[in-house]
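Residue-level structural notes
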Amino acid sequence: MENIVILFCLDFNFNLVLKPKYATMKNKSLLSIFLVMISVKCFAQEPSNYVDPFIGTSNYGATYPGAVVPWGMASVVPFNVTPHEGNDYSNTDSWCSNPYVNNNRVMTGFTHVNLSGVGCPDFGSIIVMPQTGKLNVNVEEYGTHFKDEIARPGYYSMFLEKYKIKAEVTATKRSGRSRFTFPKGESHILIDLGHGLTNETGGMLKMVSDAEVEGYKLLGTFCYNPQAVMPVYFVARFSKPANNKGYWKYHTKLPGHRHNWSSTSDTYKLYTKYEKELAGEKIGSYLSFNTEEGETIEISVGVSFVSIENARQNLEAEQNNLSFEDISKNSWEAWNNELKKIEIEGGTHEDKVKFYTALYHVLLHPNTLQDVNGMYPAMESSHILTTENNRFTVFSLWDTYRTVHPFLSLVYPDKQLDMVRTMVDMYKESGWLPKWELFGRETQVMEGDPALVVIADSYLRGLRDFDVDAAYEAMLKHANTPGKNNFIRPDNDFYMQHNYVPLTHEYDNSVSQALEYYIAEYNLAQFSLALGKKGDYKTFHQRSLGYKTYFDKTYNLLRPVLEDGKFMPGFDPLQGENFAPVHGFHEGTSWQYSFAVPHDINGLMKLMKGKNNFVAQLNKCFNDSLFDMGNEPDIIYPYLFNYAKGEEWRTQKQVSDCIDRYFHTGAAGLPGNDDTGTMSAWLVYGMMGFYPVCPGNMDYTLTSPVFDKVTIHLDTNFYPNDKLIIEAERENKNDIYIQSIELNGQPYNKYFISHEEILKQGLLKYKLGAAPVK
């Protein structure tokens, strides 16, 4: 008797392919084994299969499910935050900083430049929208409900219900490709420059031919810095020439009788016989077609932050003669090549989805800035320069210095080195290192001096092939320039004299600002010591301890201090909850900042009069819901029990609890803004079982890993071994407590290990159990 065994795999179009094979009873077992092998080959070895781009697209995670490649300049993303009935969140009525929200059900196009996980709206522009039937250019009317969403690395699709169009998108590093499958009849594709996430308005369009449009869109005012503005240039090419084409522009209402005399006052005017450039605010272009049932039309959009001609070169270089399937396959493989640098074994399917999606989110930013010819916009300048290296942009450094950049130094050191070179070049171009840089403009968002931290930490991890002298010169300039002339530290006058930042008006961020300076000073001290500059080391190390000025032993917390050195009266440690206005702190309470001195936890413990008080205070954060996983200064808290001997089990418990409580599969799977990968990098570290508590300190602290085995493939151009392996032995998944640790086969009795030692030894093994070891 014959039996049929179904072997399945994914083809390059990522369709499920079923292949019947006939087998006799005699070799049925053999074929079953073969089936398992095929399944393992198709799925287990393809980390991209575990990525769910919908994770973080609600609960203010601010991620997106569109098509993009690692560190890509361009991304093609569904835009569904235009105000419409059916959209719970919009870019006008609520705090919406992402182009796509999973809760919303009405979309108005696909954007081509986007930001992931940020807390302020910007970009989400160059919107392409297909439609059928009578042409409608009014964004308040042409939106459509959608269904049948599919998202995977490098590909996204949905069905537009109003227009009966299947929309699919994919991307290269600097361009996007959209494929629209139309029904029979009159069809249109719009390029709308009149709406998006950015706070800037204005742009320009030009019809080059019946199948090509070029132009630019003004972007910026990120987090409402009015001068942080930049243009993005684009070229859009269609796979089929249009039967008709034109522009539109919204005309504001004309005064008096002129409104009555004009047929286009206070409405959208169509330009059907005008083909030169069109500039304005609410503008766009349309191309119309007569389509057959099932006919596809593709639109390819190249982008550049230098010029229209460069956008055209980017498009031609990256999409030349490639089909939609070719681009989608290349994008998928690009993701696989990066994601497979970390292999995981064991854990549940959900664990793997959480891990690889987090790794995916980490690699979305920073972004490539240089065009295919190496040209890029210089920092804070109108000049255009050229590089032979990778020039990066989107440095959300207050967030990313904590997790993303130490992680990149370990797993992707070549990219991290180019990021450091970029920062140093930004200093050479503008006179300052970046703080929160966005496509060549400084947005001045958040506190501190974070580029200094990233550069010093990278150097100490062994990434040293950059202009170290220029970097050190920049750091000293930041640290010592008076406030009125200091672009990064405007309150430096009082701070240099008294070593703290005073509360000078209600609801200022003085304590938060100072805490960031102290971390920067610590890193500058370590950098100075590594360079043999012992005098500078002593100066900046002493500065780094200024946090003690804010410590109030009455509360065992940090408290704002006035210019006269006295504590601020009326102190409420809970003030600032749920983003309420707060004196001295930024978006958080005193509880959420009082342990944020990672460079001197032992010193903080002494201020609290010992280990027991320290542990009790830290426990109170977790037991009384005073800890905020979505606030960056708090993300070290779960690991701080490792500083209290005998209490390390609490770190294992809290890290495991945070992973399970705050990170999930599904759209609400992040604890808040991902902050360009910061929270995702925290999750990756936590699931692997080690964490860099303080930048500039080369020790990792240890906790119980989620997986049975983690293999990090290392770059031997930077590190002595080609891999770092972390293993865990346990009887049950719920065994989270460390019973013993071995380092390269030898007992290891500490909960900290240096970056150098772990890379040299190469094998860290945990034995886990159900009961804590106290």
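Refer to the structure above for everything that follows.
Just so it is clear, the model here is predicted, and its values are computed rather than measured.

Helices and strands together make up the secondary structure of the protein chain, namely 18 helices and 37 strands. The C-alpha radius of gyration computed for the protein chain amounts to 27 Å, which stays within 12% of the reference 28 Å derived for 774 residues, consistent with globular compactness. In terms of principal-axis extent, the alpha carbons of the protein chain reach across some 90 × 80 × 45 Å. Pairs at least 24 apart in sequence give 67% of the contacts found in the protein chain among residues at least 6 apart. Approximately 29,500 Å² of the protein chain is accessible, and the part contributed by carbon and sulfur atoms is 48%. Between the centroid of the 72 positive side chains of the protein chain and the centroid of its 91 negative side chains there is a distance of 2 Å.

Our next topic: the layout of surface pockets. The calculated volume of the largest pocket comes to roughly 920 Å³. Along the walls of the largest pocket sit 35 residues, with Phe579, Glu587, Asp628, Gly630 and Asn673 positioned nearest its centre. Residue classes in the lining of the largest pocket are distributed as 15 nonpolar, 14 polar and 6 charged. Approximately 540 Å³ is the volume found for the second largest pocket. Looking at the second largest pocket, it is lined by 28 residues, and the ones nearest its centre are Asn91, Thr92, Gly194, His195 and Gly196.

It is worth spelling out the nonpolar core at this point. Core analysis: the largest hydrophobic core is formed by 214 residues, its most contacted members being Phe407 and Trp682. Per element, the largest residue contribution to this core is 10 residues, and it comes from helix α12 (residues 510-530). Filtering out sequence-adjacent residues up to four positions away, Phe407 remains in contact with Ile342, Leu359, Val362, Tyr412, Val684, Tyr685 and Met688.

A word on helix α9 (residues 450-460). With respect to burial, α9 is a largely interior element, 11 of its 11 residues being buried. All of the buried residues in α9 are Pro450, Ala451, Leu452, Val453, Val454, Ile455, Ala456, Asp457, Ser458, Tyr459 and Leu460. Here the buried face of α9 lies against α6 (397-400), α7 (404-411), α8 (413-430), α10 (468-480) and α12. In the segment just after α9, Gly462 is the residue with positive phi, at about 105 degrees.

Spatial ordering of the open sheet is given by β20-β32-β33-β37-β34-β35, a layout of 6 strands whose pairing is mixed. Each of the sheet's edge strands pairs with one partner strand only, and the pair in question is β20 (342-345) and β35 (746-748). Ignoring strand direction, the axes of neighbouring strands in this sheet form an average angle of 20 degrees. In this structure, strand β34 (residues 737-743) lies alongside strand β37 (residues 763-769), joined through 6 bridges in antiparallel fashion. Counterpart to Glu742 in the pairing with β37 is Lys765.

This next bit is on unusual backbone geometry. Cis geometry marks the peptide bond from His365 to Pro366; its omega dihedral reads -10 degrees. Tracing the backbone through its elements, the reader meets Pro366 in the loop between α5 (349-362) and β21 (367-368). Positive phi outside glycine occurs at Phe579, with the angle close to 65 degrees. Its relative accessible area of 66% is what places Phe579 among the exposed residues.

Turning next to the environment of Lys533. Turning to its location among the elements, Lys533 is positioned in the loop between α12 and α13 (534-544). In sequence terms Lys533 and Ser307 are 226 residues apart; their C-alpha atoms lie 44 Å from each other. Apart from the residues within four sequence positions on either side, Lys533 is in contact with Tyr472 and Ser528.

Inspection of every chain in the model, using the stated rule, returns 8 cavities of 30 Å³ or more. As a volume, the largest cavity reaches approximately 80 Å³. Taken together, Tyr401, Arg402, Ile519, Ala596, Pro598, Glu632, Pro633, Ile635, Ile636, Pro692, Val693 and Pro695 make up the full set of residues lining the largest cavity. Each residue belonging to the lining of the largest cavity can be placed in one class, and the counts come to 10 nonpolar, no polar and 2 charged. Around the second largest cavity sit Ile55, Lys354, Thr357, Ala358, His361, Phe663, His664, Gly669, Leu670, Ser680 and Leu683, which together line it. Every element with two or more residues in the lining of the second largest cavity is listed here: α5 and α17 (678-688). The element contributing the most residues to the lining of the second largest cavity is α5, with 4 residues. Taken together, the residues that form the lining of the second largest cavity break down as 5 nonpolar, 5 polar and 1 charged.

With antiparallel pairing, the 3 strands of this open sheet are ordered in space as β25-β26-β27. Bordering the open sheet on either side are β25 (395-396) and β27 (441-442), each of which pairs with just one other strand. Both strand β26 (residues 436-438) and β27 contribute to a ladder of 2 bridges, which runs antiparallel. Note that in β27 the partner of Leu438 across the bridge is Arg441.

Covalently bonding the sulfur atom of one cysteine to the sulfur atom of another cysteine gives a disulfide. Under the criterion given, the structure shown has 1 disulfide. Here Cys120 is linked by a disulfide to Cys223, with a sulfur-sulfur distance of 1.8 Å. Looking down the S-S bond of the Cys120 and Cys223 bridge, the torsion is 95 degrees, so its handedness is right-handed. With Cys120 in the loop between β5 (110-111) and β6 (127-132) and Cys223 in the loop between β13 (212-220) and β14 (229-238), the pair connects residues that are 103 residues apart, well separated along the chain.

Summarising the element assignment, Ser331 is placed in helix α4 (residues 324-339). Residue classification places Ser331 among the buried positions, given a relative accessible area of 1%. Discounting chain neighbours no more than four positions away, the residues touching Ser331 are Val68, Val69, Pro153, Gly154, Thr170 and Ala171.

Now for the packing of aromatic side chains. A ring pair, where both rings are aromatic, is described by two values, the distance of the centres and the angle of the planes. One pass over the structure, following the stated rule, counts 46 aromatic pairs. Between Tyr459 and Phe466, the aromatic rings sit 6.3 Å apart at their centres with planes inclined by 85 degrees, giving edge-to-face as the arrangement. Judged by relative accessible area, Phe466 falls into the buried class, the value being 10%. Consider the rings of Tyr500 and Tyr550, whose centres lie 6.1 Å apart with planes at 90 degrees: the pair is edge-to-face. Of this pair, Tyr500 sits in the loop between α11 (492-498) and α12 while Tyr550 is found in the loop between α13 and β28 (551-552), placing the two residues 50 residues apart along the sequence. Both residues of the pair, Tyr500 and Tyr550, belong to the buried class. Site record: aromatic cluster; members linked through ring pairs are Trp71, Phe407, Tyr412, Tyr639, Phe663, Trp682, Tyr685, Phe690, Tyr691 and Tyr700. Between the NZ or CZ atom of Arg152 and the centre of the ring of Tyr155, over which it lies, the distance is 4.0 Å.

The next thing to look at is helix α3 (residues 308-319). Taking 1.5 Å of rise per residue, the 12 residues of α3 would be expected to cover 16 Å, and the 16 Å separating its terminal C-alpha atoms lies within 8% of that figure. Residues Ile308, Asn310, Ala311, Arg312, Asn314, Leu315, Glu318 and Gln319 constitute the buried set of α3. Where α3 terminates, the next one or two residues include Asn321, which has phi positive at roughly 60 degrees.

Rules of the game
- Residues numbered from 1 in each chain as written.
- Predicted model: local features only at pLDDT ≥ 70, side-chain atom pairs only at ≥ 80, totals over all residues.
- Heavy atoms only, no water.
- Helix = DSSP H or I, 4+ residues; strand = E, 2+ residues; numbered from the N terminus.
- Rg over C-alpha atoms; globule rule 2.2 N^0.38 Å.
- Contact = heavy atoms within 4.5 Å.
- Areas by Shrake-Rupley, 256 points an atom, 1.4 Å probe, with all protein chains shown as cover.
- Lys, Arg positive; Asp, Glu negative; His and termini not counted.
- Charge placed at Lys NZ, Arg CZ, Asp CG, Glu CD.
- 1 Å grid on protein atoms, 1.4 Å probe; cavity = no way out; pocket = protein on both sides within 12 Å on 5 of 7 lines; lining within 4 Å.
- Points joined across faces, edges and corners; volume = space filled by probe spheres on them.
- Nonpolar A, V, L, I, M, F, W, Y, C, P; charged D, E, K, R; others polar.
- Core = buried A, V, L, I, M, F, W, Y, C linked by side-chain atoms within 4.5 Å.
- Buried < 20%, exposed > 50% of the residue type's maximum accessible area, 1.4 Å probe, protein only.
- Pairing = 2+ DSSP bridges.
- Axes fitted to C-alpha atoms, helices over the stretch in contact; angles between N-to-C directions.
- Disulfide = S-S within 2.5 Å.
- Phe/Tyr/Trp six-rings, centres within 6.5 Å; stacked < 30°, edge-to-face > 60°.
- Lys NZ or Arg CZ within 6 Å of the ring centre and 35° of its normal.
- Expected span 1.5 Å × (residues − 1).

Shape is all these values report; function is a separate question.
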